[in-house]
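# Architecture and fold: a report
So the chains spell out like this:
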Amino acid sequence: MTTSRASDVLPLVPALSDAIGRRFEYLRLSLTDVCNFRCTYCLPDGYKKACNKPTELSVDELRRAVSGFAELGLWKVRLTGGEPTLRRDFEEVARAVAGIPGIRRVAMTTNGYRLAERARVWRDCGISAINISVDSLDPARFAQITGHDRLEEVLRGVEAARDAGFDSIKLNAVLMRGVNDDELAAMVDFVTTRDLSLRFIEVMRTNDNTAFFSQRHIAGQTVIDRLEADGWQRLPRQPGAGPAVELGHPEAKGRIGIIAPYSKDFCASCNRLRLSSDGKLHLCLFGDGGMDIRPLLQSDDREALTDRIRKLVGTKARAHRLHEGNSGATPHLASIGG
Ligand code: SAM
Ligand code: SF4
């Protein structure tokens, strides 16, 4: 029998915490806000470059940033975007982040672009967990949602990720009323018969998608109720896991997670910080904007950086204001990494 040791589950240094005691162990690092897809809930008109757009953080700036967060006890980093794999130096970034002392897990989220060819290389760069967005298993519908007729290619990517030996492979599906809500059973079957996990994500309201949101939002609780009726059971929270509700089934190989930011107490288990691709620290996905820490990434003055992060984290709000119809300043999740 294997038993977990305290060193398997505890961070190596005391975790960074905020004024109400939430501990931060997980950094979502956006490498770019550029994306090649046009998901209806995110960038329906495709990526548009803003005038005077700041450059993306360089590998050196990213290395300094992650080293600072690691010194504060964050040990898990997710590479995200936009589409993170569009960065030409994506593999260099992944290797740099994976080599930072204190970083014990590097994950990525991708729309599956180039996954079929690059899965093994990305695994060899030190990425051990991968989330792949698959909002529909129907090719025509997938094309309608993303603007790209590439379901078959993305599913080949999922197989390549399995062959490459990632420790964790999750499929992310955004739940949309009247778009893919009739696919729940097919998606659940897809992961129960394969060693894969599935995450249903409630569509989130952002500044650019308010009409879409009111038409398409479905509460994640309805999915939880259906799964529980089919014998799925809630699982205990894993170390470093976020606010997702996880369910397992005795006959299923994979697990199912539900991310329901509109549910009660979602913010109580928030354990993550976000850094945008131009160096803004976001304390909340639905906050009023990011705070620029890029000036502190120009030298190796680690103390100045960690002091600033600590002070900013101390100001994190207790909860988002989504219930008041306030989704903050985020135009779309591609701008901040989801
Ligand atoms: N481009 C990559 C992808 O789509 O996987 C990574 C970035 S994307 C912003 C990260 C995740 O956020 C994806 O799973 C995507 O489906 C999800 N997402 C984007 N906009 C969303 C929204 N308005 N509501 C809920 N999830 C959203
Ligand atoms: Fe691009 Fe991901 Fe947004 Fe889709 S969800 S448009 S793939 S950033």
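All values reported here derive from a predicted model rather than from experimental measurement. (Residues numbered from 1 in each chain as written. Chains lettered and ligands numbered in written order. Predicted model: local features only at pLDDT ≥ 70, side-chain atom pairs only at ≥ 80, totals over all residues. Heavy atoms only, no water.)

### Examining the site of ligand 1
- Tyr-41, Gly-82, Ser-133, Asn-172 and Met-204 are the nearest of the 19 residues found near ligand 1.
- Within the side chain of Asn-172, an N or O atom sits 3.0 Å from an oxygen atom of ligand 1.
- Considering ligand 1 on its own, with 540 Å² of exposed area, one finds that the protein chains cover 95% of that surface.
- Mapped onto the shell around ligand 1, the elements with two or more residues apiece are strand S5 (105–110), strand S7 (168–175) and strand S8 (197–202). (Near = heavy atom within 4 Å. Polar contact = N/O pair within 3.5 Å; in protein donor to acceptor, adjacent residues only side chain to side chain. Areas by Shrake-Rupley, 256 points an atom, 1.4 Å probe, with all protein chains shown as cover. Helix = DSSP H or I, 4+ residues; strand = E, 2+ residues; numbered from the N terminus.)

### Observations concerning the side chain of Ser-276
- Residue position: Ser-276 is located in the loop between strand S12 (272–275) and strand S13 (280–282).
- Polar contacts involving the side chain of Ser-276 include one to the side chain of Asp-278, which spans 2.6 Å.
- Setting aside residues up to four positions removed in sequence, Ser-276 forms contacts with Ser-30, Leu-57, His-282 and Ser-335. (Contact = heavy atoms within 4.5 Å.)

### Things to note about the site of ligand 2
- Surveying the vicinity of ligand 2 reveals the residues Cys-35, Phe-37, Cys-39, Tyr-41, Cys-42, Leu-43, Gly-82, Asn-111 and Ala-334.
- Its residues placed into classes, the shell around ligand 2 shows 7 nonpolar, 2 polar and no charged. (Nonpolar A, V, L, I, M, F, W, Y, C, P; charged D, E, K, R; others polar.)

### Details of the UniProt feature "binding site: GTP" (unreviewed entry) in the protein chain
- Per the UniProt record, "binding site: GTP" (unreviewed entry) is annotated on Arg-28, Arg-78, Thr-109, Lys-170, Arg-272, Leu-273 and Arg-274.
- Among the structural elements, Thr-109 can be located in strand S5.
- Setting aside anything within four residues of it in sequence, one finds Thr-109 in contact with Arg-28, Arg-78, Leu-79, Thr-80, Pro-84, Asn-131 and Asn-172.
- Reaching out from Thr-109, the side chain makes a polar contact with the side chain of Arg-78 at a distance of 3.1 Å.
- Turning to its location among the elements, Leu-273 is positioned in strand S12.
- Residues contacting Leu-273, with those up to four places away along its chain left out, are Leu-16, Phe-24, Tyr-26, Leu-27, Arg-28, Phe-69, Leu-74, Leu-281, His-282, Leu-283 and Val-313. (UniProt positions renumbered as here; feature names shortened; annotations may be inferred.)

### Some thoughts on the UniProt feature "binding site: [4Fe-4S] cluster 2" (unreviewed entry) in the protein chain
- Residues given the UniProt feature "binding site: [4Fe-4S] cluster 2" (unreviewed entry) here are Cys-267, Cys-270 and Cys-284. On the basis of their most widely separated C-alpha atoms, the annotated residues across 18 residues gather in one place, lying no more than 9.3 Å apart.
- Within the secondary structure, Cys-267 is located in the loop between strand S11 (256–259) and S12.
- By relative accessible area, Cys-267 is classed as buried at 13%.
- With residues up to four places along the chain from it excluded, the contact list for Cys-267 reads Arg-22, Arg-318, Ala-319 and His-320.
- Along the polypeptide, Cys-284 turns up in the loop between S13 and strand S14 (291–292). (Buried < 20%, exposed > 50% of the residue type's maximum accessible area, 1.4 Å probe, protein only.)

### Structural notes on unusual backbone geometry
- The residue Asn-52 is not glycine, and still its phi comes out positive at about 55°.
- Inspection of the secondary structure puts Asn-52 in the loop between strand S3 (26–30) and helix H2 (59–71).
- Since its relative accessible area comes to 78%, Asn-52 is described here as exposed.
- Located in the positive-phi region is Arg-114, a residue other than glycine, with phi close to 65°.
- The partly exposed category is assigned to Arg-114, whose relative accessible area is 27%.

### Description of the pattern of salt bridges
- In the structure shown here, the tally under the stated rule is 20 salt bridges.
- Across the pair Asp-33 and Lys-53 runs a salt bridge whose closest N-O atoms are separated by 2.8 Å. Of the two residues, Asp-33 is situated in the loop between S3 and H2 and Lys-53 in the loop between S3 and H2; the sequence distance between them amounts to 20 residues.
- The exposure class assigned to Asp-33 is buried, which follows from its relative accessible area of 18%. (Salt bridge = Lys/Arg side-chain N within 4 Å of Asp/Glu carboxyl O.)

### What to know about the packing of aromatic side chains
- For the structure shown, the criterion picks out 2 aromatic pairs.
- Seen from their ring centres, Phe-213 and Tyr-262 are 5.3 Å apart, and the 35° between their planes marks the pair as tilted. Taken as a pair, Phe-213 in helix H8 (residues 210–216) and Tyr-262 in the loop between S11 and S12 lie far apart in primary sequence, 49 residues in all. Taken as a pair, Phe-213 and Tyr-262 share a single burial class, namely buried.
- Cation over ring: Lys-76 sits above Tyr-26, and NZ or CZ is 4.5 Å from the ring centre.
- One cation-aromatic arrangement involves Arg-104 over Trp-75; the distance from NZ or CZ to the ring centre is 4.7 Å. (Phe/Tyr/Trp six-rings, centres within 6.5 Å; stacked < 30°, edge-to-face > 60°. Lys NZ or Arg CZ within 6 Å of the ring centre and 35° of its normal.)

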